[in-house]
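Next come the chains, spelled out residue by residue.
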Amino acid sequence: MAEKGEKGTRTVVLGVSGGIACYKAVELVRLLVREGFAVQVMMTRGAMEFVTPLTFQALSGRPVATEIFSLTQESEIGHINLADQADLLVIAPATANIIGKIASGVADDLLTTVLMATRAPVLIAPSMNVHMYENPILQENIRKLKRLGYHFMEPVEGYLACGYEGKGRLPEPQDIVEQIQGLLKKKDLAGERFLITAGPNHEPLDPVRYISNRSSGKMGYALARSGVRRGAEVTLVSGPTSLSPPAGVRLIPVQTAAEMRQAILQGYSGATAVLMAAAVADYHPEKFVAKKIKKGKGTLRLNLKPNPDILRELGMKKNGQILVGFAAETESLIANAKKKLREKNLDLIVANDVTKEGSGFDGDTNIATLLDRRGAVHPLPLMSKDELADRIYDYLIALKKRREKE
Ligand code: CTP
(Lines give C-alpha, C1' and ligand atoms only; values in the text may rest on other atoms or scores of the structure.)
Protein backbone atom coordinates (compact mmCIF):
# COMPACT_ATOMS: atom_id res chain seq x y z
CA MET A 1 0.00 0.00 0.00
CA ALA A 2 1.04 3.61 -0.47
CA GLU A 3 2.01 5.08 2.88
CA LYS A 4 -1.12 6.74 4.09
CA GLY A 5 -1.75 8.45 7.32
CA GLU A 6 1.38 10.57 7.65
CA LYS A 7 0.65 12.81 4.70
CA GLY A 8 -2.49 11.31 3.24
CA THR A 9 -2.49 9.71 -0.18
CA ARG A 10 0.75 9.91 -2.14
CA THR A 11 0.57 11.53 -5.55
CA VAL A 12 2.60 10.27 -8.46
CA VAL A 13 2.70 12.58 -11.46
CA LEU A 14 3.46 10.32 -14.39
CA GLY A 15 4.89 11.81 -17.56
CA VAL A 16 4.45 9.56 -20.58
CA SER A 17 6.63 10.34 -23.59
CA GLY A 18 6.26 8.89 -27.06
CA GLY A 19 7.61 5.39 -27.41
CA ILE A 20 6.09 2.02 -28.13
CA ALA A 21 6.44 1.17 -24.41
CA CYS A 22 3.56 3.61 -23.72
CA TYR A 23 1.31 0.58 -23.50
CA LYS A 24 3.24 -0.52 -20.41
CA ALA A 25 2.63 2.88 -18.81
CA VAL A 26 -1.09 2.01 -18.97
CA GLU A 27 -0.47 -1.03 -16.80
CA LEU A 28 1.75 1.06 -14.52
CA VAL A 29 -1.13 3.45 -13.84
CA ARG A 30 -3.44 0.55 -13.06
CA LEU A 31 -0.97 -0.94 -10.57
CA LEU A 32 -0.27 2.41 -8.90
CA VAL A 33 -3.97 3.09 -8.43
CA ARG A 34 -4.39 -0.40 -6.99
CA GLU A 35 -1.59 0.35 -4.50
CA GLY A 36 -3.50 3.41 -3.29
CA PHE A 37 -1.60 6.18 -5.10
CA ALA A 38 -3.26 9.19 -6.67
CA VAL A 39 -1.93 9.23 -10.23
CA GLN A 40 -1.92 12.31 -12.43
CA VAL A 41 -0.88 11.57 -16.00
CA MET A 42 0.77 14.02 -18.40
CA MET A 43 1.38 13.02 -22.00
CA THR A 44 3.61 14.43 -24.69
CA ARG A 45 2.28 14.80 -28.22
CA GLY A 46 4.41 11.80 -29.22
CA ALA A 47 2.82 9.66 -26.52
CA MET A 48 -0.64 10.45 -27.87
CA GLU A 49 0.36 8.89 -31.19
CA PHE A 50 0.62 5.56 -29.35
CA VAL A 51 -2.13 5.63 -26.69
CA THR A 52 -5.08 7.96 -26.27
CA PRO A 53 -5.43 10.17 -23.16
CA LEU A 54 -8.83 8.57 -22.61
CA THR A 55 -7.18 5.26 -21.65
CA PHE A 56 -5.10 6.94 -18.96
CA GLN A 57 -8.01 9.07 -17.84
CA ALA A 58 -10.23 6.04 -17.34
CA LEU A 59 -7.58 4.24 -15.31
CA SER A 60 -6.34 7.16 -13.22
CA GLY A 61 -9.79 8.67 -12.70
CA ARG A 62 -8.36 12.13 -13.46
CA PRO A 63 -8.18 14.30 -16.57
CA VAL A 64 -4.93 13.84 -18.43
CA ALA A 65 -2.72 16.88 -18.92
CA THR A 66 -1.38 17.26 -22.44
CA GLU A 67 -1.06 20.94 -23.33
CA ILE A 68 0.62 23.88 -21.72
CA PHE A 69 -1.05 26.47 -23.90
CA SER A 70 -4.60 25.22 -23.42
CA LEU A 71 -6.72 27.68 -21.49
CA THR A 72 -9.03 25.01 -20.09
CA GLN A 73 -6.27 22.61 -19.06
CA GLU A 74 -4.18 25.39 -17.59
CA SER A 75 -7.09 26.63 -15.46
CA GLU A 76 -8.29 23.14 -14.48
CA ILE A 77 -4.97 21.37 -13.91
CA GLY A 78 -2.23 23.97 -14.21
CA HIS A 79 1.44 23.20 -14.73
CA ILE A 80 2.63 24.66 -11.42
CA ASN A 81 -0.13 22.82 -9.60
CA LEU A 82 1.05 19.58 -11.25
CA ALA A 83 4.62 20.29 -10.19
CA ASP A 84 3.59 21.08 -6.62
CA GLN A 85 1.20 18.21 -6.02
CA ALA A 86 3.75 15.53 -6.95
CA ASP A 87 5.29 13.49 -4.16
CA LEU A 88 7.23 11.88 -6.99
CA LEU A 89 7.48 12.66 -10.66
CA VAL A 90 7.97 9.64 -12.89
CA ILE A 91 8.76 9.63 -16.60
CA ALA A 92 7.98 6.24 -18.12
CA PRO A 93 8.73 5.57 -20.85
CA ALA A 94 11.36 8.28 -21.31
CA THR A 95 12.60 8.73 -24.87
CA ALA A 96 16.13 9.84 -25.84
CA ASN A 97 14.55 13.13 -26.92
CA ILE A 98 12.90 13.87 -23.57
CA ILE A 99 16.07 12.96 -21.65
CA GLY A 100 18.06 15.24 -23.98
CA LYS A 101 15.64 18.08 -23.38
CA ILE A 102 15.70 17.70 -19.60
CA ALA A 103 19.49 17.49 -19.54
CA SER A 104 19.72 20.69 -21.60
CA GLY A 105 17.18 22.61 -19.55
CA VAL A 106 14.66 22.85 -22.38
CA ALA A 107 11.09 23.40 -21.19
CA ASP A 108 9.02 23.71 -24.35
CA ASP A 109 6.02 21.53 -23.58
CA LEU A 110 3.91 20.60 -20.57
CA LEU A 111 5.98 17.64 -19.37
CA THR A 112 9.34 19.42 -19.52
CA THR A 113 7.91 22.58 -17.96
CA VAL A 114 6.40 20.65 -15.03
CA LEU A 115 9.70 18.87 -14.61
CA MET A 116 11.55 22.16 -14.48
CA ALA A 117 9.12 23.52 -11.88
CA THR A 118 8.90 20.56 -9.52
CA ARG A 119 10.79 20.14 -6.29
CA ALA A 120 9.74 16.50 -5.97
CA PRO A 121 12.20 13.68 -6.65
CA VAL A 122 12.18 12.49 -10.26
CA LEU A 123 12.41 8.92 -11.52
CA ILE A 124 13.21 8.39 -15.20
CA ALA A 125 12.70 5.03 -16.92
CA PRO A 126 14.21 5.18 -20.44
CA SER A 127 13.05 2.91 -23.21
CA MET A 128 14.29 2.95 -26.79
CA ASN A 129 16.25 1.15 -29.48
CA VAL A 130 19.47 -0.42 -28.17
CA HIS A 131 21.73 1.73 -30.36
CA MET A 132 19.97 4.89 -29.27
CA TYR A 133 20.43 3.83 -25.66
CA GLU A 134 24.13 3.22 -26.20
CA ASN A 135 24.61 6.53 -27.97
CA PRO A 136 27.28 8.48 -26.06
CA ILE A 137 25.22 11.68 -26.21
CA LEU A 138 22.35 9.99 -24.38
CA GLN A 139 24.72 8.31 -21.93
CA GLU A 140 26.36 11.67 -21.21
CA ASN A 141 22.91 13.18 -20.60
CA ILE A 142 22.02 10.37 -18.19
CA ARG A 143 25.30 10.80 -16.31
CA LYS A 144 24.65 14.52 -16.02
CA LEU A 145 21.13 14.03 -14.71
CA LYS A 146 22.25 11.37 -12.23
CA ARG A 147 24.86 13.81 -10.91
CA LEU A 148 22.05 16.32 -10.41
CA GLY A 149 20.10 13.83 -8.31
CA TYR A 150 17.65 12.40 -10.85
CA HIS A 151 16.87 8.71 -10.31
CA PHE A 152 17.05 6.29 -13.23
CA MET A 153 15.88 2.77 -13.88
CA GLU A 154 17.99 0.84 -16.36
CA PRO A 155 16.16 -0.50 -19.38
CA VAL A 156 15.93 -4.27 -19.57
CA GLU A 157 17.60 -6.48 -22.19
CA GLY A 158 15.44 -8.41 -24.58
CA TYR A 159 13.58 -8.35 -27.83
CA LEU A 160 12.80 -4.78 -28.88
CA ALA A 161 9.81 -3.63 -30.89
CA CYS A 162 12.17 -2.26 -33.56
CA GLY A 163 13.33 -5.82 -34.25
CA TYR A 164 16.69 -5.58 -32.44
CA GLU A 165 17.75 -7.58 -29.39
CA GLY A 166 19.42 -5.67 -26.59
CA LYS A 167 19.07 -3.22 -23.75
CA GLY A 168 16.15 -0.90 -24.33
CA ARG A 169 12.96 -2.41 -22.95
CA LEU A 170 11.01 -0.54 -20.30
CA PRO A 171 11.24 -2.46 -16.99
CA GLU A 172 8.10 -4.38 -16.03
CA PRO A 173 5.43 -2.08 -14.50
CA GLN A 174 5.57 -4.03 -11.22
CA ASP A 175 9.30 -3.29 -10.93
CA ILE A 176 8.67 0.40 -11.58
CA VAL A 177 6.03 0.37 -8.80
CA GLU A 178 8.61 -1.23 -6.52
CA GLN A 179 11.11 1.51 -7.31
CA ILE A 180 8.46 4.17 -6.67
CA GLN A 181 7.54 2.65 -3.33
CA GLY A 182 11.22 2.56 -2.41
CA LEU A 183 11.79 6.21 -3.31
CA LEU A 184 8.79 7.34 -1.29
CA LYS A 185 9.49 5.31 1.79
CA LYS A 186 11.22 6.63 4.89
CA LYS A 187 14.72 5.14 4.97
CA ASP A 188 14.53 4.29 8.64
CA LEU A 189 16.30 0.95 8.18
CA ALA A 190 19.37 2.40 6.45
CA GLY A 191 22.52 0.73 7.77
CA GLU A 192 20.69 -2.50 8.69
CA ARG A 193 21.81 -5.78 7.13
CA PHE A 194 19.01 -8.31 7.26
CA LEU A 195 19.15 -12.02 6.70
CA ILE A 196 15.64 -13.17 5.93
CA THR A 197 14.44 -16.71 5.27
CA ALA A 198 11.31 -17.61 3.38
CA GLY A 199 9.29 -20.50 2.07
CA PRO A 200 9.36 -24.22 2.68
CA ASN A 201 12.16 -26.72 2.25
CA HIS A 202 12.23 -29.64 -0.11
CA GLU A 203 13.73 -32.68 1.55
CA PRO A 204 14.42 -35.17 -1.23
CA LEU A 205 13.36 -38.77 -0.95
CA ASP A 206 14.37 -40.01 -4.37
CA PRO A 207 15.09 -38.24 -7.70
CA VAL A 208 11.41 -37.34 -8.23
CA ARG A 209 9.94 -36.97 -4.73
CA TYR A 210 10.42 -34.76 -1.74
CA ILE A 211 8.83 -33.95 1.61
CA SER A 212 7.68 -30.36 2.06
CA ASN A 213 5.01 -28.15 3.64
CA ARG A 214 2.45 -25.61 2.46
CA SER A 215 4.45 -22.44 3.10
CA SER A 216 4.14 -20.01 0.15
CA GLY A 217 7.06 -17.79 1.15
CA LYS A 218 4.85 -14.69 1.02
CA MET A 219 5.68 -13.48 4.54
CA GLY A 220 9.44 -13.68 4.01
CA TYR A 221 9.19 -12.00 0.61
CA ALA A 222 7.05 -9.22 2.12
CA LEU A 223 9.73 -8.69 4.78
CA ALA A 224 12.42 -8.57 2.10
CA ARG A 225 10.44 -6.11 -0.02
CA SER A 226 9.63 -3.78 2.87
CA GLY A 227 13.20 -3.99 4.23
CA VAL A 228 14.68 -2.84 0.92
CA ARG A 229 12.10 -0.07 0.58
CA ARG A 230 13.06 1.22 3.99
CA GLY A 231 16.76 1.25 3.19
CA ALA A 232 18.06 -2.05 4.60
CA GLU A 233 20.49 -4.34 2.81
CA VAL A 234 18.61 -7.61 2.45
CA THR A 235 19.80 -11.14 1.80
CA LEU A 236 16.88 -13.47 1.22
CA VAL A 237 17.55 -17.16 1.74
CA SER A 238 14.58 -18.73 0.08
CA GLY A 239 13.28 -22.25 -0.19
CA PRO A 240 11.44 -23.13 -3.42
CA THR A 241 8.51 -20.75 -4.05
CA SER A 242 6.65 -19.41 -7.06
CA LEU A 243 7.44 -15.80 -6.12
CA SER A 244 9.88 -13.51 -7.89
CA PRO A 245 12.42 -11.85 -5.63
CA PRO A 246 11.81 -8.16 -4.93
CA ALA A 247 14.15 -5.78 -6.75
CA GLY A 248 17.26 -4.88 -4.78
CA VAL A 249 17.33 -8.08 -2.72
CA ARG A 250 20.27 -10.52 -2.78
CA LEU A 251 18.64 -13.90 -3.30
CA ILE A 252 20.19 -17.18 -2.19
CA PRO A 253 17.94 -20.00 -3.40
CA VAL A 254 18.10 -23.22 -1.37
CA GLN A 255 16.20 -26.48 -1.24
CA THR A 256 16.86 -28.30 2.01
CA ALA A 257 17.02 -27.19 5.64
CA ALA A 258 20.71 -28.11 5.66
CA GLU A 259 21.39 -25.77 2.72
CA MET A 260 19.35 -23.06 4.41
CA ARG A 261 21.38 -23.46 7.60
CA GLN A 262 24.63 -23.27 5.65
CA ALA A 263 23.63 -20.05 3.87
CA ILE A 264 22.47 -18.43 7.11
CA LEU A 265 25.52 -19.36 9.12
CA GLN A 266 27.70 -17.85 6.39
CA GLY A 267 25.93 -14.51 6.58
CA TYR A 268 25.20 -14.48 10.31
CA SER A 269 28.20 -12.56 11.64
CA GLY A 270 27.67 -9.74 9.13
CA ALA A 271 23.94 -9.40 9.82
CA THR A 272 22.32 -6.92 12.19
CA ALA A 273 19.13 -9.01 12.37
CA VAL A 274 17.81 -12.37 11.22
CA LEU A 275 14.14 -12.85 10.45
CA MET A 276 13.28 -16.53 10.18
CA ALA A 277 10.00 -16.53 8.30
CA ALA A 278 10.78 -19.84 6.58
CA ALA A 279 8.79 -22.91 7.53
CA VAL A 280 11.96 -24.92 8.04
CA ALA A 281 11.45 -28.64 7.59
CA ASP A 282 11.85 -30.32 10.95
CA TYR A 283 12.76 -33.69 9.40
CA HIS A 284 14.42 -35.14 6.32
CA PRO A 285 14.27 -38.70 4.96
CA GLU A 286 16.93 -40.78 6.64
CA LYS A 287 18.37 -41.84 3.32
CA PHE A 288 18.10 -40.47 -0.17
CA VAL A 289 17.30 -43.28 -2.60
CA ALA A 290 19.32 -42.70 -5.77
CA LYS A 291 16.80 -44.44 -8.07
CA LYS A 292 13.07 -43.73 -8.13
CA ILE A 293 11.31 -45.82 -5.47
CA LYS A 294 9.00 -48.28 -7.24
CA LYS A 295 5.62 -49.02 -5.79
CA GLY A 296 5.21 -52.32 -3.98
CA LYS A 297 2.20 -54.12 -2.55
CA GLY A 298 2.64 -53.46 1.15
CA THR A 299 3.01 -50.39 3.34
CA LEU A 300 5.96 -48.15 2.62
CA ARG A 301 7.71 -46.97 5.73
CA LEU A 302 9.73 -43.78 5.75
CA ASN A 303 12.32 -43.11 8.38
CA LEU A 304 12.76 -39.43 9.09
CA LYS A 305 15.71 -37.85 10.85
CA PRO A 306 15.47 -34.48 12.63
CA ASN A 307 16.98 -31.41 10.99
CA PRO A 308 19.02 -29.01 13.07
CA ASP A 309 16.98 -26.16 14.56
CA ILE A 310 18.60 -23.22 12.79
CA LEU A 311 17.07 -20.51 14.94
CA ARG A 312 18.04 -22.23 18.15
CA GLU A 313 21.62 -22.42 16.90
CA LEU A 314 21.58 -18.72 16.02
CA GLY A 315 20.18 -17.95 19.47
CA MET A 316 23.11 -19.74 21.08
CA LYS A 317 25.68 -17.89 18.94
CA LYS A 318 24.04 -14.50 19.20
CA ASN A 319 26.47 -11.61 19.12
CA GLY A 320 24.42 -8.41 19.00
CA GLN A 321 22.03 -9.52 16.24
CA ILE A 322 18.30 -9.14 16.71
CA LEU A 323 16.61 -12.49 16.22
CA VAL A 324 13.03 -12.64 15.01
CA GLY A 325 11.26 -15.98 14.94
CA PHE A 326 7.85 -17.03 13.69
CA ALA A 327 5.50 -19.44 15.36
CA ALA A 328 2.72 -20.99 13.33
CA GLU A 329 0.45 -22.68 15.84
CA THR A 330 -2.84 -24.51 15.88
CA GLU A 331 -3.36 -24.35 19.68
CA SER A 332 -2.15 -22.49 22.81
CA LEU A 333 -0.78 -19.70 20.65
CA ILE A 334 0.66 -17.40 23.30
CA ALA A 335 2.03 -20.12 25.56
CA ASN A 336 3.75 -21.91 22.67
CA ALA A 337 5.14 -18.68 21.25
CA LYS A 338 6.50 -17.60 24.65
CA LYS A 339 8.18 -20.97 25.03
CA LYS A 340 9.86 -20.70 21.62
CA LEU A 341 10.94 -17.12 22.32
CA ARG A 342 12.63 -18.20 25.53
CA GLU A 343 14.07 -21.50 24.38
CA LYS A 344 15.51 -20.11 21.15
CA ASN A 345 16.82 -16.92 22.82
CA LEU A 346 14.85 -14.63 20.48
CA ASP A 347 14.21 -10.91 20.72
CA LEU A 348 10.83 -11.00 19.04
CA ILE A 349 8.45 -13.70 17.92
CA VAL A 350 5.58 -13.32 15.47
CA ALA A 351 2.90 -15.80 16.43
CA ASN A 352 -0.08 -16.69 14.34
CA ASP A 353 -2.87 -19.17 14.71
CA VAL A 354 -2.97 -20.88 11.33
CA THR A 355 -6.46 -22.25 11.96
CA LYS A 356 -7.97 -18.73 11.89
CA GLU A 357 -9.64 -17.40 8.76
CA GLY A 358 -7.23 -14.93 7.07
CA SER A 359 -4.22 -16.32 8.90
CA GLY A 360 -3.51 -19.45 6.89
CA PHE A 361 -0.30 -20.59 5.29
CA ASP A 362 -0.79 -19.56 1.68
CA GLY A 363 -2.85 -16.35 2.00
CA ASP A 364 -1.95 -12.70 1.46
CA THR A 365 -3.07 -11.73 4.96
CA ASN A 366 -2.18 -12.64 8.51
CA ILE A 367 -3.48 -12.16 12.04
CA ALA A 368 -0.39 -12.03 14.20
CA THR A 369 0.61 -11.37 17.77
CA LEU A 370 4.04 -9.90 18.49
CA LEU A 371 5.77 -11.02 21.68
CA ASP A 372 9.08 -9.72 22.96
CA ARG A 373 11.47 -10.94 25.61
CA ARG A 374 10.29 -8.45 28.22
CA GLY A 375 6.96 -10.25 28.20
CA ALA A 376 5.02 -7.71 26.12
CA VAL A 377 2.21 -9.23 24.04
CA HIS A 378 0.83 -7.19 21.11
CA PRO A 379 -2.11 -8.69 19.25
CA LEU A 380 -2.52 -7.19 15.76
CA PRO A 381 -5.67 -7.17 13.63
CA LEU A 382 -6.05 -8.87 10.26
CA MET A 383 -3.70 -7.17 7.78
CA SER A 384 -1.80 -7.84 4.58
CA LYS A 385 1.58 -9.54 4.90
CA ASP A 386 3.16 -6.35 3.49
CA GLU A 387 1.60 -4.31 6.29
CA LEU A 388 2.62 -6.88 8.87
CA ALA A 389 6.20 -6.71 7.59
CA ASP A 390 6.15 -2.96 8.23
CA ARG A 391 4.74 -3.45 11.73
CA ILE A 392 7.46 -5.98 12.53
CA TYR A 393 10.11 -3.47 11.41
CA ASP A 394 8.53 -0.69 13.46
CA TYR A 395 8.76 -2.99 16.46
CA LEU A 396 12.34 -3.94 15.64
CA ILE A 397 13.33 -0.26 15.47
CA ALA A 398 11.65 0.36 18.85
CA LEU A 399 13.50 -2.65 20.34
CA LYS A 400 16.81 -1.29 19.08
CA LYS A 401 16.14 2.16 20.51
CA ARG A 402 15.30 0.65 23.87
CA ARG A 403 18.42 -1.46 23.76
CA GLU A 404 20.58 1.60 23.06
CA LYS A 405 19.12 3.36 26.10
CA GLU A 406 19.71 0.42 28.44
N1 CTP B 1 12.96 -22.99 12.80
C2 CTP B 1 14.31 -23.19 12.52
N3 CTP B 1 14.79 -24.44 12.30
C4 CTP B 1 13.97 -25.51 12.39
C5 CTP B 1 12.61 -25.33 12.69
C6 CTP B 1 12.14 -24.05 12.89
O7 CTP B 1 15.06 -22.23 12.42
N8 CTP B 1 14.47 -26.72 12.19
C9 CTP B 1 12.48 -21.63 13.03
C10 CTP B 1 11.35 -21.21 12.10
O11 CTP B 1 11.85 -20.56 10.96
C12 CTP B 1 10.54 -20.26 12.97
C13 CTP B 1 10.76 -20.76 14.37
O14 CTP B 1 11.92 -21.58 14.30
O15 CTP B 1 11.02 -18.93 12.91
C16 CTP B 1 9.62 -21.56 14.92
O17 CTP B 1 9.33 -22.63 14.10
P18 CTP B 1 8.28 -23.77 14.44
O19 CTP B 1 8.40 -24.82 13.42
O20 CTP B 1 6.94 -23.15 14.62
O21 CTP B 1 8.79 -24.22 15.81
P22 CTP B 1 9.44 -25.52 16.26
O23 CTP B 1 10.47 -25.10 17.27
O24 CTP B 1 9.93 -26.32 15.11
O25 CTP B 1 8.27 -26.24 17.02
P26 CTP B 1 7.02 -27.11 16.53
O27 CTP B 1 7.24 -27.44 15.07
O28 CTP B 1 7.05 -28.25 17.41
O29 CTP B 1 5.84 -26.22 16.74
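Preceding block: the structure.
Residues numbered from 1 in each chain as written. Predicted model: local features only at pLDDT ≥ 70, side-chain atom pairs only at ≥ 80, totals over all residues. Heavy atoms only, no water.

Draft legend 1. Broad picture of the sheet that holds strand E1 (residues 11-16). Ordered in space as E2-E1-E3-E4-E5, the five strands form an open sheet in which the pairing is parallel. Of all strands in the sheet, those with a lone pairing partner are strand E2 (38-43) and strand E5 (151-152), marking the two edges. Bridging between strand E4 (residues 122-126) and E5 involves two bridges; their strand directions are parallel. Residue Leu 123 lies in a different strand from E5, and its bridge partner there is His 151. Sitting on the sheet, helix H3 (residues 53-60) touches E1 and E2, and the angle it makes with E2 is about 170°. (Pairing = 2+ DSSP bridges. Helix = DSSP H or I, 4+ residues; strand = E, 2+ residues; numbered from the N terminus. Contact = heavy atoms within 4.5 Å. Axes fitted to C-alpha atoms, helices over the stretch in contact; angles between N-to-C directions.)

Draft legend 2. Here's a closer look at the nonpolar core. Grouped together as the largest cluster of nonpolar side chains are 33 residues, with contacts concentrated most on Phe 194, Ile 196, Leu 223, Leu 275, Val 324, Leu 388 and Ile 392. Where this core is concerned, the elements lending two or more residues are strand E8 (193-198), helix H11 (218-229), strand E11 (233-238), strand E13 (273-276), strand E16 (322-329), strand E17 (348-353), strand E19 (368-372) and helix H15 (385-405). For this core, the element with the most residues is H15, which contributes eight residues. When residues no more than four places from it in sequence are discounted, the contact partners of Val 324 are Val 274, Leu 275, Met 276, Leu 348, Val 350, Ile 392 and Leu 396. (Core = buried A, V, L, I, M, F, W, Y, C linked by side-chain atoms within 4.5 Å. Buried < 20%, exposed > 50% of the residue type's maximum accessible area, 1.4 Å probe, protein only.)

Draft legend 3. The packing of H11 against H15, seen in detail. Between H11 and H15, the shortest axis-to-axis distance is 8 Å and the interhelical angle comes to 60°. By the criterion of interaxial angle, the relationship of H11 to H15 is oblique. Handedness of the H11/H15 crossing: right-handed. Across the interface between the two elements, Lys 218, Met 219, Ala 222, Leu 223, Ala 224, Arg 225, Ser 226 and Gly 227 of H11 pack against Lys 385, Asp 386, Leu 388, Ala 389, Asp 390, Ile 392 and Tyr 393 of H15. Split by residue class, the contact of H11 with H15 holds eight nonpolar, two polar and five charged. (Parallel < 35°, antiparallel > 145°, perpendicular 65-115°, else oblique. Left-handed = near helix turned anticlockwise from the far one by under 90°. Nonpolar A, V, L, I, M, F, W, Y, C, P; charged D, E, K, R; others polar.)

Draft legend 4. Main features of helix H7 (residues 110-117). Counting buried residues in H7 gives six out of eight residues, a clear majority hidden from the surface. Where the residues of H7 are buried, they touch E1, E2, helix H5 (79-85), strand E3 (88-94), helix H6 (96-104) and E4.

Draft legend 5. The arrangement of the site of the ligand in detail. Inspection of the region around the ligand gives 13 residues, with Met 276, Ala 278, Phe 326, Lys 340 and Lys 344 positioned closest. Residue Ala 278 places a main-chain N or O atom 2.8 Å away from an oxygen atom belonging to the ligand. Between Pro 308 and the ligand, the recorded distance is 3.1 Å, taken from a backbone N or O atom to a nitrogen atom. With the chains in place, 76% of the 560 Å² that the ligand exposes on its own is no longer accessible. With three residues, the top contributor of residues to the shell around the ligand is E16. Of the residues assigned to the shell around the ligand, the class counts are eight nonpolar, one polar and four charged. (Near = heavy atom within 4 Å. Polar contact = N/O pair within 3.5 Å; in protein donor to acceptor, adjacent residues only side chain to side chain. Areas by Shrake-Rupley, 256 points an atom, 1.4 Å probe, with all protein chains shown as cover.)

Draft legend 6. Focus on the pattern of salt bridges. In the structure shown here, the tally under the stated rule is 27 salt bridges. A salt bridge links Lys 101 to Asp 108; its shortest N-O distance comes to 2.7 Å. Take Lys 101: its relative accessible area is 14%, and that puts it in the buried class. Among the salt bridges present, the one from Glu 329 reaches Lys 340, with a minimum N-O distance of 2.5 Å. Of the two residues, Glu 329 sits in strand E16 while Lys 340 sits in helix H14 (residues 333-343), which places them eleven residues apart along the sequence. Accessibility expressed as a relative area gives 9% for Glu 329, which makes it buried. Because the salt bridges share partners, they merge into one network encompassing Lys 185, Asp 188, Arg 230, Asp 390 and Asp 394. (Salt bridge = Lys/Arg side-chain N within 4 Å of Asp/Glu carboxyl O.)

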